[in-house]
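# Fold and geometry: a report
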Amino acid sequence: MISIKRGLVKTLGPMNPAIRRRATPEHAFGDELGPILKRVFAARGICSDAELDLSLKTLIPSDQLSGINEATQLLAEAIATDKRILIVADFDADGATSCAVAVRGLRNMGAVTVDYIVPNRFAYGYGLTPEIVNIALREQPDLIITVDNGISSMAGVKAARDAGVDVLITDHHLPGQDIPNANAIVNPNLHDDSFGSKNLAGVGVIFYVLLALRMELRTRHWFGDNKIKEPNLAELLDLVALGTVADVVPLDRNNRILVEQGLRRIRAGKTIAGIAALIEVAGANQRRLSSSDLAFALGPRLNSAGRLADMGLGIECLLSDSESKARQLAERLQQLNLERREIEREMKGQATSFLSSLTIDSGELPAGLCFFDASWHQGVVGIVASRIKDQCHRPVIAFAPDESGQLKGSGRSIPGLHLRDLLDLLATRHPNLLSKFGGHAMAAGLSIEAQDFAEFSAIFADLAAQSVNETMLQKTLETDGALDDQYLDISLAEKLRTAAPWGQAFPAPLFDDDFDIVSRRVVGEYHLKLKLRRAQGQRVVDGIAFNAGQQAWASDANRIRAVYRLDVNEYRDARSVQLLIEHASEI
């Protein structure tokens, strides 16, 4: 494992984050919300009841998307003339849900032949490559639709069109200087696109395409003339919610509408067999499912197929209407997820050990970190990068070798540093260093030659150091203030859990206060179970701090300052309030 010590900046103690309370602007809510929810929503920029309306009627209209008319005309003609449609999906949860939405939606609109392929990430890499087109041509498609990929697939689109196959790209990744010569492209992040939300996930983009397609087919009297029941596309929103949350896109209002409506369907028991099976194997509660369950329970199990095996397994789970088959596939995903956890644990341990040695040696860390080990699994490097980024609050790229001898990297960034733009700058200044790259502000993927790792690491650290300041490298926990004793109850915990779809850029409520430790015990070897009493209060409440058994305050502190979430503990049909400790320090 190697890293280069250039672009050094002062270490700011990422294990001791700054704690800052969010400002609460003026607001005009009705009385039914209660003071805590008013405070929470106002701190996130929502200041009136009207802004809390997450009904489908408030979605941004589909006609604001550039390319949507060309896309719907292409699809409507393909359906009307019984053309063979082939979906080319990505191998993550967003790609899998996008594929399931496309297949289910097009079939319900009367498309006769709709199939899919998903590239094996280890053999073919990402996107519509010429190699994937060659495989796709075996299916003799008339139209290829990419979902959650394609915006950088210049060569693949050319190969398909040279073979006489039409191509529709639906994607949300940031485009480069040039875009493919597809028949139609729908991507809210195209440079000239005026769509009101740039944060749609891939699954959101294809859902919007289907909304527009249904409208086009309706104007053509397609459904009535062909005695086809007009599909209720809201039935796809459970998939849209899962893919949106799992892809960690910012939950702006438009995305919150999509996620909230999907969650409502799931809680009401109106979900597909595959999602119900994933909920069951994850041990989640369907009636109380929250966005955090999508992010941390369902998403990782679905992603495990693409990380360790073939995402076709996950897509088949989402396409199955048989409860028994869906359960069988979900159990296989559960096993893959357990394997992924073991691989991740070992890889993270290696990376953390090396990170520690860097700090001990110099007392400083590079502003951008790169890690590589020849034994690492390329399907898990993204998770490891995310874990180390959280630990040291630096942009991190983790690499693993692929079958060709190249290194495949997956990066994660911190607020304020746009990772894809940084890689674009690196590629401009050093055009022979990157084989390919793409992604978002907070996450990106790339490939480099193995012999270039040291040079790339040094340049990445230097560019990161030029792009950040010490404030950006100080991890900060923003909280919603303190809670008096009367609010430390299960009623508020339940309201907070489902008050909104919490997630990226719309964080779940986080509180802070000083507590006396009444009692403590270690459970599960590493976790700390606590009885806590507010320093100025009387009520004793349960708390739990996961993986905190080795922290300095854990064994002998009498009073701590804690940052926590108000949580519901469910055990043997009993439900009680508990504080989920995110950070604590002795006072």
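We now turn to the structure provided with this report.

Rules used throughout
Along every chain, residues carry numbers that run from 1 in the direction the sequence is written. Residues qualify for local features only when their pLDDT is at least 70, as the model is predicted, and side-chain atom pairs are given and counted only at 80 or more; totals for whole chains, interfaces and linings, by contrast, use all residues. Excluding hydrogens and water, the side-chain figures rest on all heavy atoms present in the structure. Take the buried residues of types Ala, Val, Leu, Ile, Met, Phe, Trp, Tyr and Cys, join any two whose side-chain atoms come within 4.5 Å, and each joined set is a nonpolar core. Partly exposed residues are those whose accessible area sits between 20% and 50% of the maximum for their type, while under 20% is buried and over 50% is exposed, using a 1.4 Å probe and protein chains only. Labels follow the DSSP assignment, with helices taken as runs of H or I lasting at least four residues and strands as runs of E lasting at least two, numbered in each case from the N terminus. Contacts are assigned to residue pairs that have any heavy atoms within 4.5 Å of one another. Expected helix span is given by 1.5 Å per residue-to-residue step, counting one fewer step than there are residues. Any two strands between which DSSP finds at least two bridges are classified as paired. Axes here mean lines fitted to C-alpha atoms, for a helix over just the part in contact, with angles spanning 0 to 180 degrees between N-to-C directions. Buriedness for pockets is judged along seven lines, at least five of which must meet protein on both sides within 12 Å for an open set on the 1 Å grid over protein atoms alone, while cavities are sets there where a 1.4 Å probe fits but cannot get out, and lining residues have an atom within 4 Å of a point. Grid points are joined across faces, edges and corners, and a volume is the space filled by probe spheres set on the points. Three residue categories are used. Nonpolar comprises Ala, Val, Leu, Ile, Met, Phe, Trp, Tyr, Cys and Pro, charged comprises Asp, Glu, Lys and Arg, and polar comprises the others, including Gly. The pairing test for Phe, Tyr and Trp rings, Trp by its six-membered ring, is centres within 6.5 Å, and the orientation test on the planes gives stacked under 30 degrees, edge-to-face over 60, and tilted for anything in between.

### A few points about the nonpolar core
- Core analysis: the biggest nonpolar cluster contains 126 residues, and Ile87, Leu106 and Trp553 have the highest contact counts within it.
- The element best represented in this core is helix H6 (residues 202–219), accounting for 11 residues.
- With residues up to four places along the chain from it excluded, the contact list for Leu106 reads Leu75, Ile79, Ile85, Ile87, Ala111, Val114, Ile145, Leu210 and Leu213.
- Leu419, Leu433, Phe453 and Leu473 belong to the second largest nonpolar core, which has 27 residues in total.

### Some details on helix H2 (residues 68–80)
- With 13 residues, H2 extends 18 Å from end C-alpha to end C-alpha; this agrees with the ideal 18 Å at 1.5 Å per step.
- Among all positions of H2, only Ile68, Ala71, Thr72, Leu74, Leu75, Ala76, Ala78 and Ile79 are buried.
- At the C-terminal side of H2, Asp82 shows a positive phi close to 55°.

### A short note on the pairing of strand S18 (residues 559–571)
- Both strand S15 (residues 511–523) and S18 contribute to a ladder of six bridges, which runs antiparallel. Of the residues in S18, the one forming a bridge with Phe511 is Tyr564.
- In terms of strand pairing, S18 meets strand S19 (residues 574–586) through 12 bridges, oriented antiparallel. What sits directly across from Glu570, in S19, is Arg575.
- Between the end of S18 and the start of S19, which pair antiparallel, lie two residues, with Arg572 showing a positive phi angle near 50°.

### Describing the sheet that holds strand S3 (residues 84–88)
- One open sheet holds the five strands; their spatial order is S4-S3-S5-S6-S7, and the pairing between them is parallel. If you trace the sheet from one side to the other, it starts and ends with strand S4 (113–117) and strand S7 (184–186), each paired once. Ignoring strand direction, the axes of neighbouring strands in this sheet form an average angle of 20°.

### A short note on the layout of surface pockets
- Estimates place the volume of the second largest pocket at around 210 Å³.
- Across the lining of the second largest pocket, the residue classes break down as 11 nonpolar, one polar and two charged.

### Focus on the packing of aromatic side chains
- Taken as a whole and judged by the stated rule, the model has 10 aromatic pairs.
- Where Phe41 meets Trp502, the ring centres are 5.9 Å apart and the plane angle is 20°; that geometry is what we call stacked. In this pair, Phe41 sits in helix H1 (residues 35–43) while Trp502 sits in the loop between helix H17 (490–498) and S15, placing the two residues 461 residues apart along the sequence.
- According to the relative accessible area criterion, Phe41 is buried, its value standing at 3%.
- Judged by centre distance (6.0 Å) and plane angle (40°), the rings of Phe511 and Tyr564 are tilted. On the criterion of sequence distance, the pair formed by Phe511 in strand S15 and Tyr564 in strand S18 is long-range, its members being 53 residues apart. Taken as a pair, Phe511 and Tyr564 share a single burial class, namely buried.

### Side note on empty space enclosed by the protein
- Tallied over the full model, the rule gives one cavity of 30 Å³ or more.
- Counted as a void, the largest cavity has a volume near 30 Å³.
- Arg84, Ile85, Leu86, Thr113, Asp115, Glu139 and Pro141 are the residues that line the largest cavity.
- A total of three residues in the lining of the largest cavity trace back to one element, the largest contributor, which is S3.
- Tallied by class, the residues present in the lining of the largest cavity amount to three nonpolar, one polar and three charged.

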